[in-house]
Amino acid sequence: MSCLKKIGSFAVLMISGMVLLTQITYAQGVLVSEGDKLPRTRIWPPRPVPMPTPIAPPVSLADNPQIYAVKEIAVDGKLTGQVAEVDVSQTFTNTTGRTIKTSFVFPLPYDGAIDQMTLLVNGKEFPAKLLDAKAARSTYEGIVRANRDPALLEWIGTGMFRTSVFPIPAGESRTVTLRYTQLLRSEHGVVDYLFPLSTAKYTSKPLEKITITLNIESDDELKNVYSPTHGVNVDRSGEKRAIVKYEEKGTVPVSDFRLLFDTKNGEISSRILSYRPKADEDGFFLLMTSPKIVSEKNKPLPKTVVFVLDRSGSMAGKKIEQARESLKFVLDKLNHGDMFNIVTFSSGVETYEPELIEYTDKTKRESLNFCSAIRATGGTNINDALQTAFHMIHDKESPSYIIFLTDGQPTSGITDESRIVTNSNDVNRTKTRLFVFGVGNDVNSRLLDKLARGNFGTSDYVLPEENIEEKISHLYSRISAPVLAGAKWSIVREKDGNRNVTNQVYPAGEFDLFAGEQLIMVGRYSKVGDVNVTLTGKVHGNEKSFSFDGEFVEKSNGTRYSFIERLWAVRRIGEIIDQLDLKGQNDELTEELVRLSTLHGILTPLTSFLADDSTDLNAITANSVRTGELSREQLRGVSGENATASRAMKNSMQNAQFADQARSKQSFAMEKSLPSSSLTSGMSGGIGGRQTTGSMGGMASADVSGSWAREPSVTARASTARPMERVQQIANQTFYFRNNQWEDPSVTGSQRQNLQVVKQFSEEYFALVEKHGRELTQFLVLDEPVLLNFKGQTYLFEM
């Protein structure tokens, strides 16, 4: 066993004629063959979520042998306070035709503390030898120079440990297991666990499986548990324990995995993280809030739930079956003492009981029998169904919810969209929250969005291939145990006379706080320094207040919390599109949408043209006019596949928990909202010789295994790159692919005339690498030329 006090984030497996770099503490691996670049997947550039259209392999794939494939990565960790004890395994396969002799090399990081580290290959332990930073740098720079592959630049500047040599026979797999103890970073009471999964994008095909399981234990009560990078499942098994799980299959990681958590005894914990990259502009903040979990001593507030179910003829078959099961799930999960009722509607309206009733064992049995008898027939009377539900609720103190599910447009009773919305808003005198589910593509999605926004709730859409029960159960699991009703935040500085110092906060307005929920709020701040954070709300009708201390930084050093800015931008763009959709055109909002989309590379059907070669990214006014025209055209529809996809996208963006969560909805909306000609216009050249495939003429198609029918023609390659494949986000910098290179959108025409051209892998190139380190090299790992502004100078790093 080797006891390493400071080890690196990565391991390098050195092979005779090859080098395999593999994540030591985070199970990442890249296999490098002397003279060859790292392998690239057939989906390239890789994306964080499956895309509706497959991507063809790089043009040079045949000339760049795929020497290895990462099969599986598994991380199993125990986090106790700031100490992480982790077992990590990675399975990789020798895809060459010969036995290779290998050794692992572990770079030493500039921060972090890891000890009690053990490396095993197929169960056999290997010792390690120390190389200082100078010797390690020479090794890495030699690899970069010899292989002419910029991907390895991020590891330059660290020391390393090296193992003894062991063989790997041709075609066989090896599982590398790493066991280590690490001291985690903690700032402002928030413990930060990070491991860079993104290096696993260097593989010849998507990984079969990635699993991360982290068991968190604490002496104090565990409160906020949040991943700003991945959709994790958090299972709280007690006040001081939680199990965090992440699993993905058939994927290529593109972002590092990160987990934040804190501990605090008491009813509620709240923590502020802030990020301010420019001292002369408003900063960005993220507010995490989590209450004590429900227990016998800490029971949830009694609530009212009314389920409103469309049983019109169009719901017949699979939809009504899933709807009944959804209703049964909710009825099974209600708490004794809750009030509830069921409203079903077609051309007319039927209720389980005339008024709200208390949830007991008896009413549970009877209501389940009522559910089983629901059948689909008749028209769709949305207005009367909602009026009936709202009229049942009179209690203004207890949290109240209506779960409304429909698959169509109003065809009976009042059918005018504006009248239905006005009637519902007027009758809701108890601030009941309306959660709307539109099933399929025939719903009036604009009407459903307006109903939800006007009644303090949210809307969601169940697409034809999705399951109604999964959507409903997910919502109800979140809202089943309210602990604070009508809650709202204030963030002030005493020196400003306790005036609010935040703006553009999302989610906005009052909210209910639920047990087990991780509430994430993002916004901007105009004043810096210490702030007072106050949360107020009602418990059993009585006002209750909680206070916390926080800090808004004056200027951020580094990009540790840069994810806050991007998450805020995603939610803000979703909010702007929602305003344009529900309230009509607004030139100021349209220009803001264009500016945010350009800066952050967050594309939607209204801004996808920004990826075109023909678009001048600095022409904000002209681009705003074009976005305005697109919004008038595309937001006009109220039903159909395009309308549903676009509104599902904006809702996903408004409620995103991490920046890339809504990406699949953005991709799908662009696929459905834009004609194929819009997807290809102005996109000459492909990305670094790469191309996409799909329904457009002349392209090959891929089967599920990733093999290709034929090599696309040069003409096809030159015209088929889709918008989201022409944008890269590295750290907090966006790049657009145009003119056969990756370009920083902030570069102006005059700066292009005075740029400094640096030849890749030249002495000048390595001098800049040595001077600026990872601050610069993170932008140089792309395979094509890079144009960017960096520290007051415009550079073109050319091939």
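Because the structure is a prediction, the values reported are computed rather than measured. (Residues numbered from 1 in each chain as written. Predicted model: local features only at pLDDT ≥ 70, side-chain atom pairs only at ≥ 80, totals over all residues. Heavy atoms only, no water.)

1. Digging into the pairing of strand 26 (residues 400–406)
Of all the seven residues making up strand 26, seven are buried; the element is thus mostly covered by neighbouring parts of the structure. Burial along strand 26 is two-sided: S400, I402, F404 and T406 facing one way and Y401, I403 and L405 facing the other are all buried. Summarising the sheet, strand 22 (residues 304–310) and strand 26 pair through six bridges and their orientation is parallel. Bridge pairing in strand 26 places V308 opposite F404. Here strand 26 pairs with strand 27 (residues 433–439) via six bridges, running parallel. (Buried < 20%, exposed > 50% of the residue type's maximum accessible area, 1.4 Å probe, protein only. Helix = DSSP H or I, 4+ residues; strand = E, 2+ residues; numbered from the N terminus. Pairing = 2+ DSSP bridges.)

2. Describing the environment of I73
Note that I73 resides in strand 4 (residues 68–80). I73 sits in the buried class, given a relative accessible area of 0%. Put simply, I73 and E208 are 135 residues apart on the chain and 8.7 Å apart in space, counted from C-alpha to C-alpha.

3. A short note on the pattern of salt bridges
In a structure, side chains of opposite charge can pair up when their charged atoms sit close to one another. In the structure shown here, the tally under the stated rule is 36 salt bridges. Of the charged contacts in the structure, one is a salt bridge between K471 and D460, with a shortest N-O distance of 3.4 Å. Placement of the pair is K471 in helix 7 (residues 468–479) and D460 in strand 28 (residues 459–462), with a sequence separation of 11 residues. Overall, the relative accessible area of 17% leaves K471 in the buried class. For the salt bridge of R478 with E517, the shortest nitrogen-to-oxygen distance reads 3.3 Å. Within this pair, whereas R478 is found in helix 7, its partner E517 is found in the loop between strand 32 (511–514) and strand 33 (519–525), the two being separated by 39 residues in sequence. Judged by relative accessible area, which is 10%, E517 ranks as buried. Where salt bridges share partners, they join D449, R453, D578, D581, R647 and K650 into one cluster. (Salt bridge = Lys/Arg side-chain N within 4 Å of Asp/Glu carboxyl O.)

4. Describing helix 8 (residues 563–583)
Here helix 8 spans 30 Å end to end across 21 residues, near enough to the 30 Å set by a 1.5 Å rise per residue. For helix 8, the tally of buried residues reaches 20 of 21 residues, placing the bulk of the element in the interior. After helix 8 finishes, the residue G584 shows a positive phi value of roughly 100°. (Expected span 1.5 Å × (residues − 1).)

5. Regarding the packing of helix 4 (residues 382–392) against helix 5 (residues 417–427)
Running from N to C, helix 4 and helix 5 point in directions that differ by 5°, and their axes come no closer than 10 Å. For the element pair helix 4 / helix 5, the angle class is roughly parallel. The segment helix 4 lies against helix 5, with I382, N383, L386, Q387, F390 and H391 engaging R419, I420, N423, S424 and V427. A class-by-class count of the residues in the contact of helix 4 with helix 5 yields five nonpolar, five polar and one charged. (Axes fitted to C-alpha atoms, helices over the stretch in contact; angles between N-to-C directions. Parallel < 35°, antiparallel > 145°, perpendicular 65-115°, else oblique. Contact = heavy atoms within 4.5 Å. Nonpolar A, V, L, I, M, F, W, Y, C, P; charged D, E, K, R; others polar.)

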